[in-house]
Amino acid sequence: MSAIKYTELSLRPYPGKILVFKDRKHLARKYEEITKEKYTYEIEENGGRYHYMTFDGPLCDNLYLIYGKEPHVLAHEFSHAILHTFSLCGVMPSAARDTGIQFAQSAIGQG
């Protein structure tokens, strides 16, 4: 079986990271590797999916697995992860003047 391919992005300064997959089957395999459970979610070929996981322990990190076949679908799935991260941190992005989302978008991948 071939290696699971993905790109890892940091959410710093927020807790966690995002694993971005170009292939929905690789997302499913990584999910199974992490959870030790069979992947039972449907992902349409042209669709997208994100999964959130958290881990207890010294790092207590948040992890998002994201797949989107098309750029607009990938952007949609990223927005789920970013807004969920803000929710966990107590950040409530509201108006266009709110720089929380802009900061997160520019910080992703730097670190």
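Scope of this entry: the structure provided in the associated data block. In this text the structure is predicted, and so the values were computed from the model without any measurement. (Residues numbered from 1 in each chain as written. Predicted model: local features only at pLDDT ≥ 70, side-chain atom pairs only at ≥ 80, totals over all residues. Heavy atoms only, no water.)

### Some points on the side chain of Ser10
Within the secondary structure, Ser10 is located in strand β1 (residues 7–10). Judged by relative accessible area, which is 16%, Ser10 ranks as buried. (Helix = DSSP H or I, 4+ residues; strand = E, 2+ residues; numbered from the N terminus. Buried < 20%, exposed > 50% of the residue type's maximum accessible area, 1.4 Å probe, protein only.)

### Comments concerning helix α2 (residues 71–89)
Structurally, the α-helix is built with 3.6 residues per turn, so residues lying three or four positions apart point the same way. Between its terminal C-alpha atoms α2 stretches 27 Å, which fits the 27 Å expected from 19 residues at 1.5 Å a residue. Val73, Glu77, Phe78, Ala81, Ile82, Thr85 and Phe86 are the residues of α2 that are buried. Note on α2: the residue one or two positions beyond its end, Gly90, has a positive phi of about 80°. (Expected span 1.5 Å × (residues − 1).)

### Some points on the pairing of strand β2 (residues 17–21)
Note on strand geometry: in a regular strand, side chains alternate between the two faces of the sheet. Extensive coverage of β2 is indicated by the burial of four of its five residues. As defined by bridge partners, β1 adjoins β2 across four bridges and the pair is classed as antiparallel. What sits directly across from Ser10, in β2, is Lys17. Counting the residues between successive antiparallel strands, the hairpin from β1 to β2 contains six residues, one of them, Gly16, with a positive phi of roughly 125°. Across five bridges, the pairing between β2 and strand β4 (residues 62–68) is parallel. Paired with Phe21 across the strands is Tyr67, a residue of β4. (Pairing = 2+ DSSP bridges.)

### Things to note about helix α1 (residues 24–35)
Along its 12 residues, α1 runs 17 Å from first to last C-alpha, staying within 8% of the 16 Å computed at 1.5 Å per residue. Looking at where α1 begins, the residue whose side-chain oxygen comes 2.7 Å from the main-chain nitrogen of Lys25 is Asp23. One or two residues past the end of α1 sits Lys36, with phi positive at roughly 65°. (Polar contact = N/O pair within 3.5 Å; in protein donor to acceptor, adjacent residues only side chain to side chain.)

### A few points about the nonpolar core
Counting 12 residues, the largest nonpolar core is built from Ile4, Leu19, Phe21, Leu27, Ala28, Tyr31, Tyr39, Ile43, Met53, Leu63, Leu65 and Tyr67. Elements with a contribution of two residues or more to this core: β2, α1 and β4. With 11 residues, the next largest nonpolar core counts Leu11, Val20, Ile66 and Phe86 among its residues. (Core = buried A, V, L, I, M, F, W, Y, C linked by side-chain atoms within 4.5 Å.)

### Quick look at the packing of aromatic side chains
A complete count under the given rule lists seven aromatic pairs for this structure. Ring geometry for Tyr52 and Tyr64: centres 5.2 Å apart, planes at 40°, overall tilted. Taken together, the positions of Tyr52 in strand β3 (residues 48–54) and Tyr64 in strand β4 put the pair 12 residues apart, joining distant regions of the chain. According to the relative accessible area criterion, Tyr52 is partly exposed, its value standing at 30%. What makes Tyr64 buried here is its relative accessible area of 0%. The structure contains a cluster of three or more aromatic residues connected by ring pairs, namely Tyr31, Tyr39 and Tyr41. (Phe/Tyr/Trp six-rings, centres within 6.5 Å; stacked < 30°, edge-to-face > 60°.)

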